[in-house]
Amino acid sequence: MAVTGAILFLFVVGHLLGNLQIFDGASRLNAYGRLLHNLGELLWIVRAVLVVCVLLHIATAAQLAVRNWQARSVGYRRKRSINSTYAARTMYWSGPIVMAFVIFHLLEFTAGYIHPGSRFTEGDVYHNVVAGFRVWWVSAWYIVSITLLGFHLRHGIWSAFQSLGINHPRHTPVLKLGALWIAGLIVVGYISIPISVLLGWVR
Amino acid sequence: MKLTLTIWRQRDRAAKGRFVSYRLDDVNPEMSMLECLDVLNENLSERGEEPVAFEHDCREGICGSCGFMISGIAHGPLPATTVCQLTMRHFKDGDELVLEPWRSKSFPLVKDLIVDRRSLDRIVQAGGYVSVSTGNTPDGNALPIGKDIADRAMDAAACIGCGACVAACPNGSAALFTGAKIAHLGLLPQGQPERDERAVRMVAQMNAEGFGGCTNIGECVAVCPKQISPEVLARMNLDYLVGSWKHRHGTVTAISPIIGWGPDET
Amino acid sequence: MRLDAKIPAGPIDQAWDTARFEMKLVNPANKRRHTLIVVGSGLAGASAAATLGELGYNVFCFCFQDSPRRAHSIAAQGGINAAKNYQNDGDSIYRLFYDTVKGGDFRSREANVYRLAQNSVRIIDQCVAQGVPFAREYGGSLENRSFGGAQVSRTFYARGQTGQQLLLGAYQALERQVDAGQVKMFPRTEMLDLIVIDGRARGIVARNLVTGRLTIHIADAVILASGGYGNVYYLSTNAKGSNATAIWRAHKRGALFANPCFTQIHPTCIPVSGDYQSKLTLMSESLRNDGRIWVPKRKGDGRSPDQIPEEERDYYLERRYPSFGNLVPRDVASRNAKAVCDEGRGVGTTGLGVYLDLAEAITRLGVGTIRERYGNLLDMYQRITDEDPYKVPMRIYPAIHYTMGGLWVDYHLQSTIPGLFVLGEANFSDHGANRLGASALMQGLSDGYFIIPYTVGNYLTTEKPMKLDESHPEAQAALKGAGQRLKRLLEIKGKRTVDSFHRELGKIMWNDCGMSRNATGLNNAIGQICALREEFWQNVTIPGSGDDLNQSLERAGRVADFLELGELICIDALERNESCGGHFREEYQTTDGEAQRNDENYSYVAAWSYTGADSRPELNREPLAFAYAHPSQRSYK
């Protein structure tokens, strides 16, 4: 889970860097889109790796969830959390919601099956993005999901190190703080796009 | 002070359990939580009712016998304290306390607040030791161990095996318990020869017992009466990964969990 | 009865070698044909069960707790002595031997103590190899401290949790044998009777505490390591579950009980705060290194300690014992605390407490140093009492801590019933009338790791126990007897709870057979105990049934035994007309109030045999000879 999570995290970072080119104008973003498409087989390899990672990540999570659920067949009448982050306790919620979002997101911006607000134009990434985000509920759904992704990463980033056996009384607190910052930056980076579109900064 | 204790009562594993509330009008703030239950039990016995069964022994926080949830927190609100050392002055007059047993599939209920923790013993059976027979030992000072390492091993070895970590974990994982033993022995030079095998076997046993998996949530550490560090979780993961990689046989056999109390089962 | 201690002839330093050479060995292939029962899983029991399993015997190990790791050895704080002389400060096996005999006020058996000192060295090696995280120097070698007033640093420790770490070492060794199939563990199972067939111990009757089922377990020898009987006093530093049932039932089956009145009182415990109190918590006596003990000079002085000026305080230990001051031995410190409280100068709400004041040490050394030395202890004190020991003097009072007496055993740790061996605190063997600090752990492990594996083998080869099974009439009779006793207890259906009887017994014992004893009080106590026992069997109430987990029933069985044992303790104390170690008879003291031993008439082990419910126990004497450590009067002035 830590390994697949790390690969997916790299994708999240790369995807963000690509997307931020929207602020550089339509030609830059569309050129980036074409570049990716021209990668040919390589693109499909990357996509395949990502799909495998997603499937493995889900499979292990599901396996773990079933095990954990079975481990406490009778629940508590009252249970209080005293030392854990909201993010850590809600990995099983943030994960599937982010997954649902990713499917919607692919249908909307990659395949174009669902594209409320305007007509999906193959190749005109800039248009598709801007037009898509002008629909308020698309943006809202995007912002909520990205925030949940942030929560997921805030726990997942440092937890992956822990799962791989890396913990140090001096360095782990730094790592946890780093995870919070990275997750925060990623959320800010992603949601800057729909917000800019809604506010009319990007049109 | 006055308190209401709402306690889980269940005659045995097969019976149906329920919460029963008891009012105590004369609780001395100096009493420990267990002495408070003693007083309740004296009252119940005098009335001919069955007292509340709860596990306890040393009553000085070291044997690991006692423990239950107090209003949703394992061992109650005071950090680094078992219920036997938790005095009633930490509660307010008029409070209602909900006392529940540890809830875990791997800790089958025995009676009222008592659960069966033999699963933890079996995790130790699966390699939680150094295989050295009596007599076969060099001089104690033959193997120097740096103070830092000895201290860290001691930190991990302080575990009292009470099971609060399992009870508090939203996943019902026993990783802190298992990790503490793996870390204690894995840190010391005496533990090196069996380090890989120990981690692989103990983790396999933990899984076979039906404990949940660790997702690094951190509730275990907060309720641990001995404040075992989450570092032991990482050490367990590392030793397990390395051990599994090096493992030369395909399968690891676990001891079959026993939950009955019959003559052939204990 | 003539008691033969079976001490090998010849020089004491070769006695154990001689004995081991003379012992017959069990053929390795035959070991698996022998079944041994170990009752108790503390330091002595777990180490014995593990070691016997390693040797190839089939071992059944029983404990009443839910796991063998809970045994009360786990609560020992201070450390374990060993004559390693790592500190090069003049220690030796002989010195440890001598200190232990002298500390025991010359009422222990020299040869046993010498062997204990010899084994101490190997215990440390064994525990280190098991991974016990003893305290270390920066350079990596083992660290030692001086403990309990010893003049050499020979105490090995693991923070304030030495007992826990040693027990976990033994427990892990035990679990290894469980995994190997050599040891079968019976947790939550309590021994209720000893099965004696043809004069030999051949098994036990045990009750599964969850199902209530009684079962017979047959073996070739039975090893009791069930701990001490301090809980006869109700309030003690023992665990709530610690009990004398195993040794008491064995006593009633013919094993002699030696020196029952030798009980140890620890001077530094947190005082009782109310009637609900269920146990007493020990504060390590190392606090006396830096704490000054005092009470107000005036009787009934109700002022808070900071309101009492220096000249109105009585630092009674410093006043009476100028050379040792606050560091006098445990028995002396305890008796003096009782004396000042009896005068009405005790402190705290109950008047049963004295101050242990760290103020002077804090001024001299600074808060930091004190916190470093005693931080954990002081935190625990604060947690329990809600008082800040850095600002307010701590209140302490003595409490029952350890029992030196126990079943009589010979040099082979065999009781007067052949095939019944007794280890650790359950036997009487090594501490005489007073145990030195950090010696209990040493004895438990010496007995379990290094003595019983040899001596039990010798018994099996020389006695060759016959094959038999549970259907034997004696076994069936014992089973039936145990069942009837439980039934009788449940059928009383009286008015008083088990705990109320136990508490009353404790009060009688503490008042008349506690820190100081006299003939009138002891006679009085014997009468009261008999009356209380009578009432118990008519008026105790035990809710619930016998066929599931019933903690009241468990306690009732144990208290019934304490009600018999308590009487024997008083009888023994009455019979021993001298003061020695933990046994202080007010009639026998020096002019300045110190214990006065009577070597001429009482240099013996008093071993009592059971003669029936209504008849007085019979005294057997094992004379003690001191060829090496010559008896001298202790003086701490």
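Residues numbered from 1 in each chain as written. Chains lettered and ligands numbered in written order. Predicted model: local features only at pLDDT ≥ 70, side-chain atom pairs only at ≥ 80, totals over all residues. Heavy atoms only, no water.

At His 75 of chain B, a position not held by glycine, the phi torsion is positive, near 65 degrees. Relative to the elements of secondary structure, His 75 of chain B occurs in the loop between strand 4 (73–74) and strand 5 (96–100). With a phi angle near 60 degrees, Tyr 234 of chain C is a residue other than glycine that sits in the positive phi range. Residue position: Tyr 234 of chain C is located in the loop between strand 10 (221–224) and helix 7 (245–252). (Helix = DSSP H or I, 4+ residues; strand = E, 2+ residues; numbered from the N terminus.)

Let us look at the nonpolar core. Residues and elements named next belong to chain C. Among the nonpolar cores identified, the biggest contains 237 residues, and Ile 80, Phe 134, Leu 194, Leu 224 and Phe 536 are the most heavily contacted of them. At 13 residues, the largest contribution of residues to this core is made by helix 16 (residues 551–575). Beyond its immediate chain neighbours, meaning those up to four positions away, Leu 194 contacts Ala 201, Gly 203, Ile 204, Val 222, Ala 250, Arg 253, Ile 417 and Leu 420. (Core = buried A, V, L, I, M, F, W, Y, C linked by side-chain atoms within 4.5 Å. Buried < 20%, exposed > 50% of the residue type's maximum accessible area, 1.4 Å probe, protein only. Contact = heavy atoms within 4.5 Å.)

Here we take up the pattern of salt bridges. Residue and element names in this part refer to chain C. A full pass over the atoms with the stated rule returns 71 salt bridges over all chains. The partner of Asp 91 in a salt bridge is Arg 154, with the nearest N and O atoms 3.0 Å apart. With Asp 91 in the loop between strand 3 (80–81) and helix 4 (93–103) and Arg 154 in the loop between strand 4 (144–145) and strand 5 (155–156), this pair connects stretches of sequence that are 63 residues apart. The class for Arg 154 is buried, based on a relative accessible area of 3%. Note that Glu 535 is salt-bridged to Arg 496, the shortest N-O span being 3.1 Å. Taken together, the residues span a long stretch of sequence, with Glu 535 in helix 15 (residues 519–539) and Arg 496 in strand 19 (residues 496–497) at a distance of 39 residues. The class of Glu 535 is partly exposed, set by a relative accessible area of 29%. (Salt bridge = Lys/Arg side-chain N within 4 Å of Asp/Glu carboxyl O.)

A few words now on the sheet that holds strand 9 (residues 214–218) of chain C. Residue and element names in this part refer to chain C. Spatially, the three strands line up as an open sheet ordered 7-8-9, and their pairing is antiparallel. Sheet topology places strand 7 (189–197) and strand 9 at the edges, where each strand pairs with a single neighbour. Shown here is a sheet whose adjacent strand axes are inclined to one another by a mean of 25 degrees, direction ignored. Where strand 7 and strand 8 (residues 200–208) come together, eight bridges link them in antiparallel fashion. Bridge assignment links Met 191 to a residue of strand 8, and that residue is Ala 206. Of the strands in this sheet, strand 7, strand 8 and strand 9 touch helix 13 (residues 473–492), which is tilted by about 150 degrees from strand 9. (Pairing = 2+ DSSP bridges. Axes fitted to C-alpha atoms, helices over the stretch in contact; angles between N-to-C directions.)

Moving on to the interface of chain A and chain B. On the side of chain B, 41 residues touch chain A, which itself brings 31 residues to the contact. Inspection of the chain A/chain B interface yields zero salt bridges. Joining chain A to chain B, the criterion identifies 25 residue pairs in polar contact (both at pLDDT 80 or more). Only helix 3 (41–71), helix 4 (86–89) and helix 7 (136–163) of chain A provide two or more residues apiece to the side of chain A that touches chain B. Taken together, the residues that form the side of chain A that touches chain B break down as eleven nonpolar, 13 polar and seven charged. (Polar contact = N/O pair within 3.5 Å; in protein donor to acceptor, adjacent residues only side chain to side chain. Nonpolar A, V, L, I, M, F, W, Y, C, P; charged D, E, K, R; others polar.)

Tallying the contact residues gives 84 residues for chain C and 87 residues for chain B. The contact between chain C and chain B buries some 6800 Å² in all, and 49% of this surface belongs to carbon and sulfur atoms. In terms of surface lost to chain B, no three residues of chain C exceed Arg 70, Tyr 276 and Arg 383 of chain C, which account for 11% of the buried area on that side. Remark: the boundary between chain C and chain B carries nine salt bridges. Secondary-structure elements contributing two or more residues to the side of chain C that touches chain B are helix 3 (43–55), helix 5 (110–130), helix 6 (162–179), strand 6 (183–186), helix 11 (367–385), helix 12 (440–463), helix 14 (498–513) and helix 16 of chain C. Broken down by element, the side of chain C that touches chain B gets its largest block of residues, nine residues, from helix 6 of chain C. A per-class count over the side of chain C that touches chain B returns 27 nonpolar, 33 polar and 24 charged. (Buried area = accessible area lost by both parts, 1.4 Å probe.)

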